[in-house]
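Below are the chains, spelled out letter by letter.
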Amino acid sequence: SRKVFLRARRDPKYSTFHVYIAAARIELYLNKEANLAKNIFELGMRQFPDCVGLALEFITFLWNMNDERYLRVVFNRVLDQLPKQRETRALWDKFVEFENLYGDLASVSEAEKRRSQAFDEIDMAMDMEMKVGLRLKLLAGDNSRRLILG
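Basis of the calculations
- Residues numbered from 1 in each chain as written.
- Predicted model: local features only at pLDDT ≥ 70, side-chain atom pairs only at ≥ 80, totals over all residues.
- Heavy atoms only, no water.
- Helix = DSSP H or I, 4+ residues; strand = E, 2+ residues; numbered from the N terminus.
- Buried < 20%, exposed > 50% of the residue type's maximum accessible area, 1.4 Å probe, protein only.
- Contact = heavy atoms within 4.5 Å.
- Areas by Shrake-Rupley, 256 points an atom, 1.4 Å probe, with all protein chains shown as cover.
- Salt bridge = Lys/Arg side-chain N within 4 Å of Asp/Glu carboxyl O.

Quick look at the overall build of the chain
Reasoning step 1: Looking only at helices and strands, one finds seven helices and zero strands in the chain.
Reasoning step 2: In the chain, the order of α-helices and β-strands from amino to carboxyl end is α-α-α-α-α-α-α.
Reasoning step 3: For the chain, buried positions account for 30% of its 150 residues.
Reasoning step 4: Across the chain, the fraction of contacts at a sequence separation of at least 24, relative to all contacts at a separation of at least 6, is 54%.
Reasoning step 5: Accessible surface for the chain amounts to roughly 10,100 Å². Of this, 55% is attributable to carbon and sulfur atoms.

See the structure below:
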């Protein structure tokens, strides 16, 4: 399985984040190599830093390994690194859940504040995109009417 993973990583046609998830799961469940699985996830996160699906899998893996300290580091790194987009909602929710379970009151409050700020930024960006898109549609609509009436 390691040779297949190595070949898949090198082939741009097949090298997706799914390859890293599969390889990490094989190492964890079949070969009982949790440290190697962790290293594969780390490698995948370096290769696909903007991938929400891979980040969620890595966080779930660390959560199941009960590695609280490293999980907090990964949460902070991933949430700072990922672009502000709607798809990160599950990550933010998982982070707040983690802090509710393992953090103190200050860390829970900080996590909720960070999530709120992230989604305020996302909502503002989406509103701006919608306004620009609407203006373009209106302009295009006005031009087409002029052409028909003109």
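So that's the structure; there's more coming.
Quick notes on the pattern of salt bridges
Reasoning step 1: All chains considered together, the criterion is met by seven salt bridges.
Reasoning step 2: The partner of Glu42 in a salt bridge is Arg77, and the shortest N-O contact between them spans 3.2 Å. Remark: Arg77 occurs in helix α5 (residues 68-81) and Glu42 occurs in helix α3 (residues 34-47); sequence separation between them is 35 residues.
Reasoning step 3: Given a relative accessible area of 12%, Glu42 falls into the buried group.
Reasoning step 4: Judged by its relative accessible area of 33%, Arg77 falls in the partly exposed class.
Reasoning step 5: Here Asp93 ties to Arg89 by a salt bridge, and the two come within 3.6 Å at their closest N and O atoms. Residue Asp93 and its partner Arg89 are both found in helix α6 (residues 89-102); the two are separated by four residues, about one turn of the helix.

No statement about biological role is implied by the geometric values presented.
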